Amino acid sequence: MSSETKQILTTDGIPLEVSLKKAEKKNKIKAFLLVAPLLFFLIITYVFPIGDMLFRSIDDKMVTQMLPKTFKAMENWDGQELPDEEVFAAFHEDFIKLVEDKREGKLSTQLNYTKNGFKSIIKKLRRASKKFEEGNYKEQIMAVHKRWADVEYWRAIQRRAPEFTGQKYLKGMDMYVNEEGKIVSVEEDRRIHRVLWLRTLEIAFFVTVFCFLMAYPIAHLLATLPMKYSNLLMICVLLPFWTSLLVRTASWMILLQQQGIVNDFFVGIGLVADDNRPEMMYNKTGSYVAMTQILLPFMVLPLYSVMKTISPSLMRAGKSLGGTPFVAFWKVYFPLTIPGIGAGCLLVFILAIGYYITPALVGGASGTLISNQIAFHMKSTLDWSFASAMGLMLLSGVLVIYWLYNKIVGIDNIKLG
Amino acid sequence: MASKKDFVKFDKVDKSYDGKVLVVKDLQLDIAEGEFITMLGPSGSGKTTCLMMLAGFETPTNGEIYLDGKAISSIPPHKRGIGMVFQNYALFPHMTVYENLAFPLRVRKIPKDEADKKIDKALSMVSLQGFAARMPGQLSGGQQQRVAVARSLVFDPQLVLMDEPLGALDKNLRESMQYEIKHIHESIGVTVVYVTHDQSEALTMSNRIAVFNDGKVQQLSSPDELYEKPVNSFVAEFIGENNTFGGEVSDISGGKCKVKLANAEILANPISVKGKGERTTVSLRPERALINPSTKMDNLHKGKIEEVIYHGDHTRVRINLLGNPEFILKVPNSSSNLDIKLGNEINIGWNSDDARALDPK
């Protein structure tokens with residue numbers, strides 16, 4: 001055995017590696033026990049709900065469970081011609097059970113989502129099924145209504161066989177699966193979600209831009225002022241941060257409404273006529289103004305923490321080497337603040353893209369975001385699976401942005417504080 | 001090229017930051033072309049302020065600064081063409097060494113091939129060839145400092161300012177960098193204004209040293225003169241080691257004066273005392289006093305050894321002499337045959353020429 005591969009032993013003759021592991025085992029257990037509460041907390045409050053959301057958004061067991069025998073019988077059906085007696089018999093059996101449980105109404109609603117026209121023929125089938133005789137169910141069911149003899153409707157039922165579906169995601173993008181099983185967009189005048197997604201991106205983007213433009217000079221001032229002034233200014237920046245979000249949004253409502261302070265001021269200085277006060281609320285303007293103000297600290301703080309570390313002698317060096325103040329700023333100072341800009345923009349953009357309360361209160365119809373739509377489905381239509389699907393789409397959108405950012409700027413190049 | 005005596009001229013310059021305290025008072029200073037001048041002083045003495053006014057980052061409250069005969073107070077820093085080395089190097093951390101050096105050339109719109117030549121030359125001057133592609137963060141402190149020096153010289157400025165450039169380096173590196181900067185100065189003949197609070201740095205590097213205290217230049221002279229012939233007690237205290245006696249002039253005649261101490265009288269060289277009865281501080285360098293002098297010296301007194309400290313090449317002996325318990329003697333280790341033992345009484349002698357009677361503290 002060569003000396004390089006020879007095992008190193010401790011003085012007691014135990015291999016060094018074994019001894020090291022033994023010595024570190026205690027510390028490792030201690031370390032794990034210390035982080036365990038947080039780990040469990042994260043699993044319970046983060047991993048589990050997101051997993052549940054994902055499951056809900058694709059869960060389509062309802063119909064599967066209502067027609068178990070039918071779908072079993074349909075496994076041998078090729079979908080070209082009308083199914084044979086076996087399927088009809090199974091369907092009849094399932095249907096009788098549903099009628100007994102008074103759940104046939106739910107089935108009609110669900111099937112109607114897939115294809116219009118199920119509601120009435122299921123009602124008719126319920127009434128007729130009481131007089132059905134045993135045997136030859138195909139003939140009897142087809143006699144109830146001509147749609148029951150139409151293969152399209154049986155295909156529609158078959159489409160609901162899988163336990164999971166991506167339908168809700170398609171709906172989130174204003175698309176659906178048509179009779180031929182192709183993915184198509186809904187008619188132009190019925191598209192609501194695409195507009196909302198685009199508007200969400202647009203508002204988040206511009207709010208980020210406005211925040212950046214306003215925060216950069218403030219952060220620079222904060223970083224360069226003497227301590228006693230910068231502390232005061234810092235409190236001014238943070239004060240809104242410590243105020244309730246609702247209070248802040250409500251005060252914007254007071255400021256921005258048509259008879260509000262800002263409009264009064266504009267009329268007072270003669271900028272606008274009294275009978276022609278601009279609407280600054282319940283539209284995009286309201287969302288822009290209020291969200292920019294509320295998200296401003298999230299931009300100021302990372303910028304400030306980065307600027308604080310930039311030595312003032314760097315700017316001086318730039319100038320003493322012959323750079324004009326602008327060149328010194330642009331070539332020396334600005335590149336050094338990029339980690340702060342990245343962190344601030346990412347933070348503001350991600351917060352803005354999922355913003356809810358402010359646009360709901362001051363955004364009106366044209367200033368609401370996708371999160372308001374999600375809340376609407378959570379609270380009003382109770383279509384939780386659709387809300388989950390949109391929530392997950394939002395989450396993956398954020399992750400994509402994060403990934404892009406990592407590709408372009410690099411995540412190591414970020415500094416949050 | 002005849003070198004100008006007043007290449008840089010501070011003319012009656014005052015500077016105040018708050019309108020209450022003058023940081024620099026009535027500064028009058030001429031710097032010759034090609035000179036290495038050091039501004040030396042304790043912190044808060046106004047030396048860095050002077051440098052910042054020269055660089056253009058501060059404006060004089062009163063008076064004017066001239067560079068090569070032109071008043072520069074109204075010229076912004078980037079148009080002065082003065083190279084500067086900062087205390088913490090101030091290298092641009094997001095640029096490579098090459099880009100750092102190219103910065104002053106690029107803003108001057110110097111063509112690339114010419115700029116490359118200049119950068120090569122500057123890097124070889126500080127022996128950093130082959131480091132051009134490194135980032136400043138990948139360099140050691142000494143290397144960063146050399147890049148900073150190279151950057152301040154790469155655009156051939158007539159004047160280079162250095163603001164405590166070696167302050168962050170360890171002792172050995174600092175000493176070798178001192179020689180390196182000195183050699184660079186000697187080889188290219190640029191005028192250097194150097195600020196430091198480290199007296200040994202000032203003594204080794206400079207042609208002339210301006211000792212600052214309290215916003216004023218206390219003494220402006222060559223290093224040897226500064227050490228041997230300080231003009232006031234601040235300079236005597238600040239530069240090197242110093243034994244002092246506080247007393248009153250009892251007689252002054254023929255280039256000598258008698259100074260009456262609490263319980264004795266010594267002979268001294270009257271530098272800043274004019275007549276009898278004046279208070280004075282007599283300053284004597286430790287190496288000028290001898291134990292049991294063989295030649296005749298006009299001051300000879302007995303003192304008791306209080307402490308002996310071994311320093312390798314020499315031994316420091318603290319003696320209670322004429323009421324001064326802090327009197328220090330430096331004894332070379334070759335003369336170890338002397339009777340230096342704790343508690344012994346010994347004779348100590350010095351020439352009155354070396355004992356300079358300066359202003360009272």
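Residue indices begin from 1 for each chain and proceed along its sequence in written order. A letter from A marks each chain and a number from 1 marks each ligand, given out in the order of writing. This being a predicted model, a pLDDT of at least 70 is required before a residue's local features are given, and a value of 80 or more before pairs of side-chain atoms are given or counted; all residues contribute to the totals for chains, interfaces and linings.

J.: Help me out: how do you make sense of the overall build of chain B in this one?
T.: Along the backbone of chain B there are eight helices and 20 strands. Taking the principal axes of its C-alpha atoms as reference, chain B extends roughly 75 × 45 × 40 Å. Here exposure depends only on C-beta density: within 10 Å of a residue's C-beta, 20 or more other C-beta atoms make it buried, 12 or fewer make it exposed, and intermediate numbers make it partly exposed, the C-beta atoms being placed from the backbone. Buried residues in chain B amount to 39% of all 361 residues. For chain B, contacts bridging at least 24 residues in sequence account for 65% of all contacts bridging at least 6. The numbering of helices and of strands both runs from the N terminus, where a helix is a DSSP run of H or I of at least 4 residues and a strand a run of E of at least 2. Residues are scored as being in contact if the C-beta atoms we place from backbone atoms lie within 7 Å.

J.: Could you clarify how one ought to interpret the overall build of chain A in this entry?
T.: What chain A contains, in helices and strands, is 19 helices and two strands. Radius of gyration means the value over C-alpha atoms here, while the globule rule gives 2.2 Å times the residue count to the 0.38 power. Here the C-alpha radius of gyration of chain A, 32 Å, is well above what a compact globule of 417 residues would show, namely 22 Å. Projected onto the principal axes, the alpha-carbon positions of chain A cover approximately 100 × 95 × 35 Å. Expressed as a percentage of its 417 residues, the buried residues of chain A come to 27%. In chain A, the share of contacts with a sequence separation of at least 24, taken over all contacts with a separation of at least 6, comes to 68%.

J.: Can you walk me through the interface of chain A and chain B in this structure?
T.: The extent of an interface is frequently quoted as the accessible surface area lost upon association of the parts. At the interface, 15 residues of chain A touch 19 residues of chain B. Contributing elements (two or more residues each) for the side of chain A that touches chain B: helix H15 (312-320) and helix H16 (325-353) of chain A. Per element, the largest residue contribution to the side of chain A that touches chain B is six residues, and it comes from H15 of chain A. For this classification, the nonpolar set comprises Ala, Val, Leu, Ile, Met, Phe, Trp, Tyr, Cys and Pro, the charged set comprises Asp, Glu, Lys and Arg, and every other residue, Gly included, is treated as polar. For the side of chain A that touches chain B, the class distribution of residues is seven nonpolar, six polar and two charged.

J.: Hey, could you run me through the domain arrangement of chain A in this one?
T.: Along its sequence, chain A is organised into domain 1 (61-163) and domain 2 (193-413). Each domain span listed reflects an automatic or database assignment of domains. Placing the centre of domain 1 of chain A and that of domain 2 of chain A at their C-alpha centroids yields a distance of 54 Å.

J.: Hey, could you run me through the pairing of strand S8 (residues 191-196) of chain B in this one?
T.: Sheet faces and side chains relate simply in a regular strand, where the side chains alternate between the two faces. All names here are of chain B. Counting buried positions over the six residues of S8 gives six, a clear majority of the element. Here S8 shows two buried faces, one formed by Thr191, Val193 and Val195 and the other by Val192, Tyr194 and Thr196. Think of it this way: DSSP has to see at least two bridges between two strands before they count as a pair. Bridge count for strand S3 (residues 36-40) against S8 is five bridges, and the pairing is parallel. Looking across to S8, one finds that Phe36 is bridged to Val192. This β-α-β element, strand S7 (residues 159-163) to helix H5 (residues 171-188) to S8, shows right-handed connectivity. Classification remark: right-handed applies to a crossover when, strands pointing away from the viewer, the course from the first strand over the helix to the second runs clockwise.

J.: Quick question: what am I supposed to make of the packing of helix H10 (residues 193-224) of chain A against helix H11 (residues 227-242) of chain A here?
T.: In a packed pair of helices, the relevant descriptors are the angle between the two axes and the axis-to-axis distance. Residues and elements named next belong to chain A. Structural elements are reduced to axes, namely lines fitted to C-alpha atoms, with helices fitted over the stretch in contact, and the angle between N-to-C directions of any two is expressed from 0 to 180 degrees. Here H10 crosses H11 at 145°, and the two axes come no closer than 8 Å. When you trace H10 past H11, the crossing you get is left-handed. Each of Ile218, Leu221 and Leu222 in H10 lies in contact with H11, whose residues at this interface are Ser230, Leu233, Met234 and Val237. Of the residues contributing to the contact of H10 with H11, the split by class is six nonpolar, one polar and no charged. Put simply, a crossing is left-handed when the front helix is turned counterclockwise from the back one by less than a right angle, and right-handed when it is turned clockwise.

J.: How should I be thinking about the domain arrangement of chain B in this particular structure?
T.: Residue and element names in this part refer to chain B. Entries for chain B in the domain assignment read domain 1 (8-233) and domain 2 (241-358). Residue-level contacts link four residues of domain 1 with six residues of domain 2. Per-class residue counts for the side of domain 1 that touches domain 2 are two nonpolar, two polar and no charged.

J.: Honestly, helix H1 (residues 16-58) of chain A in this entry has me stumped. Any pointers?
T.: Since the α-helix turns once every 3.6 residues, residues separated by three or four places project in the same direction. Taking 1.5 Å per residue as the helical rise, H1 of chain A with its 43 residues ought to reach 63 Å, whereas the 53 Å between its terminal C-alpha atoms falls clearly short. H1 of chain A sits mainly on the outside: one of its 43 residues count as buried. Helices are assigned an expected span. That span is 1.5 Å times one less than the residue count.

J.: Please clarify how the nonpolar core should be interpreted in this entry.
T.: It is characteristic of soluble globular proteins that their nonpolar side chains tend to be buried jointly. Working definition: the nonpolar core is a set of buried Ala, Val, Leu, Ile, Met, Phe, Trp, Tyr and Cys residues, joined through C-beta atoms within 7 Å. If you look at the biggest cluster of nonpolar residues, it comprises 94 residues, and the most contacted ones within it are Leu54, Ala150, Leu161, Val193, Val211 and Ala357 of chain B. Counting 46 residues, the second largest nonpolar core, distinct from the first, contains Ala343, Val348, Leu361 and Ile374 of chain A.

J.: Before we go on, may I ask you to explain the packing of H15 of chain A against H16 of chain A in this structure?
T.: All names here are of chain A. Relative to each other, H15 and H16 sit at 130°, their axes nearing to 9 Å. Here H16 runs oblique to H15, going by the angle between their axes. As for the relative orientation of H15 and H16, their crossing is right-handed in sense. The residues of H16 that touch H15, namely those facing Leu314, Met315, Gly318 and Lys319, are Pro325, Ala328, Lys331, Val332 and Tyr333. Looking at side-chain class alone, the contact of H15 with H16 contains six nonpolar, one polar and two charged residues. Angles below 35 degrees are treated as roughly parallel, those above 145 as roughly antiparallel, those between 65 and 115 as roughly perpendicular, and all remaining angles as oblique.

J.: I tried to follow the environment of Pro136 of chain B on my own but got confused; where do I start?
T.: Residue and element names in this part refer to chain B. Examined against the element boundaries, Pro136 turns out to sit in the loop between helix H3 (112-125) and helix H4 (141-153). For Pro136, a count of 19 C-beta atoms within 10 Å translates into the label partly exposed. Each C-alpha atom of the pair Pro136 and Tyr89 lies 9.9 Å from the other, and the pair is 47 residues apart in sequence.

J.: What is the right way to read helix H14 (residues 284-308) of chain A from this model?
T.: Look at H14 of chain A: 35 Å from first C-alpha to last across 25 residues, which is about the 36 Å you get at 1.5 Å a residue. Taken across its 25 residues, H14 of chain A has 18 buried, putting it largely inside the fold.

J.: Honestly, the confidence of the model for chain A in this entry has me stumped. Any pointers?
T.: Segments scoring low in pLDDT should not have their predicted coordinates read at a detailed level. The score called pLDDT rates the predictor's confidence residue by residue, from a low of 0 to a high of 100. Summarising the model, chain A shows a mean pLDDT of 86, and 97% of its residues fall at 70 or more. Here strand S1 (residues 175-177) of chain A stands out as the least confident element of chain A, with mean pLDDT 81; H10 of chain A is the most confident, with 92.

J.: Quick question: what am I supposed to make of the sheet that holds strand S5 (residues 70-71) of chain B here?
T.: By definition, the strands of a sheet pair up through backbone hydrogen bonds, in either a parallel or an antiparallel sense. Residues and elements named next belong to chain B. Spatial ordering of the open sheet is given by S2-S1-S4-S5, a layout of four strands whose pairing is antiparallel. The strands lining the two open edges of the sheet, one partner per strand, are strand S2 (22-31) and S5. Of the pairings in the sheet, the one linking strand S1 (residues 8-16) to strand S4 (residues 62-67) comprises five bridges and is antiparallel in character. Bridging across to S4, Asp11 finds its partner in Glu64.

J.: What is the right way to read the sheet that holds strand S14 (residues 279-284) of chain B from this model?
T.: Residue and element names in this part refer to chain B. Strand order around the closed barrel formed by five strands is S11-S12-S13-S20-S14, with mixed pairing between neighbours. Pairs of neighbouring strands in the sheet enclose a mean axial angle of 55°, with direction left out of account. Summarising the sheet, strand S11 (residues 243-253) and S14 pair through six bridges and their orientation is antiparallel. Note on S14: the bridge partner recorded for Asn243 is Leu284.

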